[in-house]
Amino acid sequence: MPRANRKQQRQITKVETLIHPEYPKVLFVQVHDDHGLVGLGETSFGPEVVANWIHSEAAPYLIGADAGRLDQHWKELNRLGAITTRARGAEIRGVSALDMALWDLFAQRTGEPLYQVLGGLSRDRIRVYNTCAGYSYGVKRPGFLTPGEVDHRPEQPYEDQHAFMTDAGKLAESLLDEGFTAMKIWPFDQFVGKTNGQSIHPEDIDRGVEPFRKIRKAVGDRIEIALEMHCMWNLPSAIQIARAVEPYKPMWYEDPVPMDNVDALAQFRQAVRYPVTASETVSTRWHFREMFEKRAVDICMFDISWVGGISEAKRVSTMAEAYHLPTAPHDCVGPVTFMFSVQLSLNMPNTFVQETVRAYNATWYRDIVTNLPRIEKGFAYPPEGPGIGTQLRPSFLKDKRLVSQVSAK
Amino acid sequence: MRNSPLKITSVQTVTNADSPELIWVQITTDEGLTGLGETCFGVSAVDEFVHTEAASYLIGRDPLQIEAHWEAVRARGRSFMARNAEIRGLSAIDVALWDIFGQATDMPIHAAMGGRFRDSIRVYNTCANYNYAVRRPRTREDSTRAFGARRAPYTGKPVKGDPDGPYNDLDAFLTRADELAESLLSEGITAMKIWPFDQFYEEAGGNWLSNASLRKATEPFRKIRKAVGNKIEIAAELHALWNLPTAIRIAQSLEEFEVMWIEDPIPMNNMAALADFRRKARQPVTASETVAMRESFREMFEAGATDICMFDIAWCGGLTEARKIAAMAAAYKLPVAPHDCTGPVTLMAGIHLAVHAPNARIQEIVRAFNTGWYPGIVDAMPVIENGFARAPVRAGLGMALRKDFLRAKDTVIRSSKA
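Residues numbered from 1 in each chain as written. Chains lettered and ligands numbered in written order. Predicted model: local features only at pLDDT ≥ 70, side-chain atom pairs only at ≥ 80, totals over all residues. Heavy atoms only, no water.

### A word on the sheet that holds strand β14 (residues 411-417) of chain B
Residue and element names in this part refer to chain B. Strand order in the open sheet formed by 4 strands is β3-β2-β1-β14, with antiparallel pairing between adjacent strands. Of all strands in the sheet, those with a lone pairing partner are β3 (34-40) and β14, marking the two edges. For this sheet the average axis-to-axis angle between neighbouring strands, irrespective of direction, equals 20°. The sheet contact formed by strand β1 (residues 8-16) and β14 spans 7 bridges and is antiparallel. Within the sheet, the bridge partner assigned to V14 lies in β14 and is I413. Its contacts with the sheet place helix α1 (residues 43-58) against β1, β2 (22-29), β3 and β14, and it is angled at close to 175° to β1. Sitting on the sheet, helix α13 (residues 344-356) touches β2 and β3, and the angle it makes with β3 is about 110°. (Pairing = 2+ DSSP bridges. Helix = DSSP H or I, 4+ residues; strand = E, 2+ residues; numbered from the N terminus. Axes fitted to C-alpha atoms, helices over the stretch in contact; angles between N-to-C directions. Contact = heavy atoms within 4.5 Å.)

### Thoughts on the packing of aromatic side chains
Residues and elements named next belong to chain A. Tallied over the entire structure, the rule returns 32 aromatic pairs over all chains. Each ring, one from F292 and one from Y323, has its centre 5.4 Å from the other, and the planes form 50°; the classification is tilted. Of this pair, F292 sits in helix α11 (residues 284-293) while Y323 sits in the loop between α13 (309-322) and α14 (335-347), and the two are 31 residues apart along the sequence. Residue F292 is classed as buried on the basis of its relative accessible area, which comes to 1%. (Phe/Tyr/Trp six-rings, centres within 6.5 Å; stacked < 30°, edge-to-face > 60°. Buried < 20%, exposed > 50% of the residue type's maximum accessible area, 1.4 Å probe, protein only.)

### Things to note about the domain arrangement of chain A
Residues and elements named next belong to chain A. Here the domain parsing of chain A yields domain 1 (12-111 + 393-408) and domain 2 (116-380). Domain 1 puts 31 residues into the contact, and the matching count from domain 2 is 38 residues. A combined buried area of about 2900 Å² lies between domain 1 and domain 2, and 61% of that area is made up of carbon and sulfur atoms. Applying the counting criterion to the domain 1 and domain 2 interface returns 2 salt bridges. The partner of R315 in a salt bridge is D71, with the nearest N and O atoms 3.7 Å apart. Joining domain 1 to domain 2, the criterion identifies 17 residue pairs in polar contact (both at pLDDT 80 or more). Mapped by element, the contributors of at least two residues to the side of domain 1 that touches domain 2 are β2 (26-33), β3 (38-44), α2 (70-80), α3 (90-110) and α17 (394-398). Ranked by residues supplied to the side of domain 1 that touches domain 2, first place goes to α3 with 10 residues. Residue composition of the side of domain 1 that touches domain 2, by class: 15 nonpolar, 6 polar and 10 charged. (Domains from an automatic or database assignment. Buried area = accessible area lost by both parts, 1.4 Å probe. Salt bridge = Lys/Arg side-chain N within 4 Å of Asp/Glu carboxyl O. Polar contact = N/O pair within 3.5 Å; in protein donor to acceptor, adjacent residues only side chain to side chain. Nonpolar A, V, L, I, M, F, W, Y, C, P; charged D, E, K, R; others polar.)

Shown next, in the form of C-alpha cells:
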C-alpha cells in the first residue's frame, strides 16, 4: 500500500463569499486551493451574518490547511463555532457552505463526479417532485416574508404558487404534461397570521383544502400532493389540518409543528394516517438521531446547505437507513444546493424523491450557474463532469453588483 | 400609566478590541432611556444579525412589548434550540429591553419580573485568570486550534490595562490550589470551580485520557481537601470536551473528593448520553451554558440528564427565556445556576434572576473579572460581600456602559436609527 504522499496535499489558499442583490438571501462560497482549483458551496438566509462568521471565525482556521482533511475540518469548524447546534443557525450554515465547497474541490481533484466520490450511483435517475413556488419566492425575495404571501409576477413562467392558490387543477394538469407525478403546496400558510398558528377556523380549513379538492377533481390520483406546513402551527391545529386533508391522500405532511419538540412531532405522527416528512429546519446528526429514535418521522428531509453540508447529509442519510427511513433532499434555496442534492439523491440507496422548483430552474438558477441537472419527464439525471458539475457563470462573477469578500493568506 | 407608548429610536452595537469576544447592544427610546444588553463569541456575526435582521423590525416599536419582540426577532433569525449567532443577538436585545422596562417603571429588573424571592444569592468563584476566555486577545494560533484547546494552558500574561493582580486564579488552581482555596475562604467565598482536565484534552482529542494525566488533573482537588478539608465546595468544569466513557472515568476519579458538581462532561447534543453519564457519575451533574432555549432544556429535564440547570442569559435567549427555563426547571424539582465568566451585563442579569427565581441555587462570579476589567466597562458593579451577591437596587439592570469606555479610541459603535 503506497502511503499518502505529502506532495499530494492541497493547501487551502483563499475563502471567498459572494452576495448578489438579485438573490438577497443566498450566500455563495468559493474555496480555492494552491493548484488553482475552486470548490463551490452555498447557503441561504442572513447571508451577511454567515459571511461575517466565515471570515472572522472559519477562514483563519482553513487558510493554509490541508484541503483533503474533510472530516477533521467539519469537526474543528464546529468546535470553532462552539456549536452544539441542532438548528440551522449562522454557524452551521457557514459550516455547511464550506463543507460543500471542500467536497466539490476534493471530487474535482479525483476527476470524478461527486456522486462517484460518495460511493457511486444507486440508480440511473431520480424521481423529482415540483415545489409550487413562483419566480420570486423565498430566497429571491428581500425582507421578511409574511406566511402565505404571494408575489405574483405574471410575466414569469411557472407562477406556481399563485396557480395553486387560484387554479390548482390546471396547475396539476400542467405538471403532468411535463411528466411530473408529484407536487408540493402550502395553502394553509395564508391563515397562520390570524392567530399566530394557535388555532384555525373551520372556514379557513375548508379554504385550505380547496386546492386538494380541485386537483383530485381535475386529474384524479395521477399526481401525488405533498402538504408543506412550514413549522407554524401548534399541535392540535396541525392535527386538525392534517385530518381535513386525509380524504385526498396526501403524499406527506411536512413540518407540521416547530421542530423544537420531537415528542410533539411524534404525537402528530401518531394522530395522522399519512407519512410525516421532517425537516429542512433541522441540522446535524444529533438532532436527526433524536427524531428517528422517537419515531417522529416517516421521511427524512434535510437541506444540504443548512444541515452541515454534504458530508453531514450523507451521515444523516445513512443513519436514516439504519431506521429504515427514506430521504428527500430539500431544494428551493439555490442552484448549488440543488446540484449537491441531485448528486446525493443519485448516490444514496434510500432516496425517496428529490425536490425541484421548475420556476427557478427555468429562470434565475440558470443565470447563476453554468450547468443544472437534466430533468425530463419527472426525473433528474446524473450531472456530468468532475465535482458537482457546475460553476458560477463568468457573467455572474463579472457583475458589478456582486459583493465579494475574500480571506487569503 | 403612561399616555403614549415608548418608542425605540435606535439600536447600537458596541465592541472594543480589549474584549475581542464581547459585544454590547444599546437600545434607546424617544424619552431618552437606554437599555443595555450583551453577548459574546462570534461577535462579527452577531453584530450583523442585530443590524441587518433585527434593528429594522425593532425601530419605531414600543420597547415594553418584550414577548412580541422576542418572538419576532427569533422568527427573523429562523433558528431555535441552540446558542447560534441569531439566538445570541436575540439574548442581548432581550436583556436591553428588560433594562428599559425596569427604568420606565422605576424598578430593578428582579422587581419587574415579579419581585425578589431572596435578598441575596450565594456566589461561587470561577477560577479564571484576568485574561481568560472573552478577554483573551486572539492570535492566529487560537483560530487554528480547537475550541477546547483554545482554553488551556494559559500563559497568564495580563492584557494591556489589566492589573497583574493577585487573582490569576487559573494559574493558581493548576499550581497551588491549596493556597487558592484558603484565599477564597478568607474572602468569604465557600465554593469554587476549576477545570484541570482541559490541559490534557489534546492528548487524544477528548477520545481518552491516560492514567498519568488523570492523576495530574486530580492533584488540585487533593491539595484543596488536604489544606481546607470540606470547608469549600469544588465544582469540576469539563467544558464538553470528552466522549462518554472518558467522562465517566473522570467522574470516577473525582468521587473521593465529593465535588459540588461535574459540569458539561460531554457535548450537549445527545441528552440520552448525558442521562447515561448522570446515572454513572454518582455526583451531581450541571448542564449547560452551551444549551439555549426552553425546548432544549425540556428535552434535557425530560431525559433526566441533569441535576443543576445552568444557563447563560446572554446565550440562552435572554431574561425572557431564562425565566421560563427556570420556571420549567422548578417543575422538575431542579435548581438553576446562572452562568458568568462572560461579561458584566450577563453577571448583573444573572443576579437579578437569581434573587427572583425561587429555585436559584447559586450565582457564578469571577473575582478576577470583577476586580479587573468589568469595572472599566460599566459604571456600577453588583455588591458582592462574604460570598453573597446582594439584590441590585437601581432601576432596570442597574448598570450602563461607562462614558469613558464609549469614548475610548478602541471602542467601535455601530448604529441603526429610524
